[in-house]
Structures are given as structure tokens and as C-alpha cells.
Amino acid sequence: MLTRRQALAATALAALFVAASARAQDRLKVIASFSILGDLVKNVGGDRVEVATLVGPNGNAHVYAPSPGDAKKVADAKLVFVNGLGLEGWLDRLVKASGTKAPIVIATKGIKPLERTGDHDHDHGRADPHSWQSVANAKIYIANIRDALIAADPAGKDVYLANAAAYLAKLDALEREVREVIAKIPADRRRVITSHSAFGYFQNAYGVNFIAPQGVSTEAEASAKDVAAIIAQIKKQKAAAVFLENVTDPRLVEQIARETGAKVGGTLYSDALTDDKGDATTYIDLIRHNLRQLASALVS
């Protein structure tokens, strides 16, 4: 038989559980289309928002195929946050399948899109959707997310305003950090060959020139012929560094470095965050990781 003290403790524990469950049920259910956007939404929404991400860490939003479970998530959501600019070519089909009446919030509203360049086979028209690669653009994402959350949950206005302001301050500091690091790289060394044509906004904002390999598949392991073409392009473009995730054979990597004098860098993250074991679990971590990789490869 329970003592009075044990009974009181059990009652208090049950009350805490009920309160926690109620808070969880009261949280605004929202969807973010991919991991980077999900992180931004979480920073503004805080404890008032339950965020489900469709394309998770290490995922590729360009080629994503939604599941029936995703349609259920969208159907249950009060808001659906998407990047826009053609990134989510599968979105219309998913929204139709879900039957959702939730507002679709385009996080890039107000951003001037760049026209994509290079041999890019992703199905998003002429606009380059990778606008988060500029920190100034990320601040526009935050403003759009804040306004949409306030419209959907007016009672949380003060929380959303405070969370957005705190995160915008972090982005201001990040923007200064990026500019300070890039300023230390000699202007004639700010030329990079990369297998991802996803850094146009970073190039436009910070003055690092990203060049995609021409006539080289980025989907499969590079062949000796591919590497010969890459070497020729590095010499022609006078690139100081090369980031090629599909060149993993150390002999080919050494050949590129030996014949061009270019540094072979590590991984640049473009379209997704990493999982908890990776170097880019948040948007700010992603930008800082890429910045360290660029500085390491380009500072002679």
C-alpha cells in the first residue's frame, strides 16, 4: 500500500506527464521540405512548433520520391514550408495526394533568384534554387518563416519574434565571419573547381569563383579520361583548389595535385545537412564547415 508521501509523488509525476503531453499536442505541427530549411524553422519555432522534415539529413531534395507516409505528414500539418525556386519538383504531386488545405509557405519569397549555370540536370527550370548558400538570403528565409508562424499561431507572436531576432543576430555574426575569412584569401586564388554547381549564391555574395567540370559525370566514380579533362580545365582556369567528391581513388587525387599544383580539398556541403555524426548538423555548421574547407585549400 502506498504511503501518503508516495501517493503525492505519484500524483505530481502524473500531473507533469499530462502537462507535457498537453504541451506536445498544443505544438503547431509543420512540415519542412528538406533538412536545411527544417533547421531554420526549428530555430524560429522553438518549443511551440513540431517540425517534421521530408528530405532528411544527407538526402537529395532534387531526386526525392515522396512516400505515402509523407502524404500523411503533410495532411496532418498546419503549415508546409518549402524552398521554392523549383527545388521540390515533386511538391505539387505530394500536396495533391495529401489533400492538405495547409498554407504552403515559400521560404525564398523576396529573394532575387540567380540563373543556374553549368551542366545541371536537376528539374528546376532556369532558376538556381540553392539560395541558402548566401547568409544574407538565409536572413530572408528567417523573416518569411517568422511571419508565417505568427500568422498561423498569433498567440506565439512574442516567442517567434524573440527567436527570430536571436537567430538573425547569429546570422549577422556568421556573415561577418565569412567575409573576414574570405578577405584573407588572395583574390587570384579564389577559383575553385567543384562537382556541384550549387554555389552560385556564395560566389555572388563573397567573391569565390566556383567552376563545374565540363563534360565529366558527377554521378559515378571519375575515370582516368575524366581526370585528364579535369586537369586540363584546372590549368586553363588557373584554379587553386578542386573539390570533387566522386574522385576517391587516391592515385587519381595525387595525379590531379601533382600535375596542376592545385590543392585537393575535402567535402563541400551544398544541398543537405549531415546526420549527428557529421560536420554540418545545422545550417550555421554547414556554412562554417565549407568556409574552413575553402580557407584550408585556398590560403597558400
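Look above for the structure.
A brief structural summary. Within any chain, residue numbers begin from 1 and follow the written order of that chain's sequence. Confidence filtering applies because this is a predicted model: local features only for residues at pLDDT of at least 70, side-chain atom pairs given and counted only at 80 or more, and all residues used for totals across whole chains, interfaces and linings. The basis for every side-chain value is the complete set of heavy atoms in the structure, and neither hydrogens nor water enter the calculation.

1. Comments concerning the sheet that holds strand E8 (residues 209-211)
In step 1: The strand order across the open sheet built from 4 strands is E8-E7-E9-E10, with neighbouring strands paired in parallel fashion. Looking at which strands have only one partner, the edges of the open sheet turn out to be E8 and strand E10 (263-264).
In step 2: Any two strands with at least two DSSP bridges between them are considered paired. Secondary structure elements follow DSSP: runs of H or I no shorter than four residues count as helices, runs of E no shorter than two count as strands, and numbering proceeds from the N terminus. Relative to strand E9 (residues 241-243), strand E7 (residues 191-194) runs parallel, the two sharing 3 bridges. Across the sheet, residue Ile-193 finds its bridge partner in E9, namely Val-242.
In step 3: Here, residues are in contact when the closest pair of their heavy atoms is within 4.5 Å. To get an axis, fit a line to the C-alpha atoms, keeping to the stretch in contact for a helix; angles then go from 0 to 180 degrees between the N-to-C directions. Strand contacts of helix H8 (residues 224-237): E7, E8 and E9, with the helix running at about 165 degrees to E7, the strand carrying the most contacts.
In step 4: Set on the sheet, helix H10 (residues 283-298) makes contact with E7, E8, E9 and E10; between it and E9 the angle comes to about 145 degrees.

2. A short note on the packing of helix H6 (residues 157-183) against H10
In step 1: H10 packs onto H6 with a crossing angle of 5 degrees between their chain directions and a minimal axis gap of 11 Å. Judged by the inter-axis angle, H6 sits roughly parallel to H10. Facing H6, whose interface residues are Tyr-167, Lys-170, Leu-171, Leu-174, Glu-177, Val-178, Val-181 and Ile-182, H10 presents Tyr-283, Ile-284, Ile-287, Arg-288, Leu-291 and Ala-295. In this scheme, roughly parallel covers angles under 35 degrees and roughly antiparallel covers those over 145, while 65 to 115 is roughly perpendicular and the rest are oblique.

3. Some thoughts on the sheet that holds strand E4 (residues 104-106)
In step 1: Taken in spatial order, the 4 strands of this open sheet run E2-E1-E3-E4, and their pairing is parallel. Two strands bound the open sheet, and with one partner strand each, they are strand E2 (49-55) and E4. With direction set aside, neighbouring strand axes in the sheet form an average angle of 25 degrees.
In step 2: With 3 bridges connecting them, strand E3 (residues 79-82) and E4 associate as parallel partners. Residue Val-82 lies in a different strand from E4, and its bridge partner there is Ile-106.
In step 3: Packed on one face of the sheet, helix H3 (residues 68-76) meets strand E1 (28-34), E2 and E3 and runs near 150 degrees to E2.
In step 4: Running over the sheet, helix H5 (residues 135-152) touches E1, E2, E3 and E4 and is turned about 170 degrees from E3.

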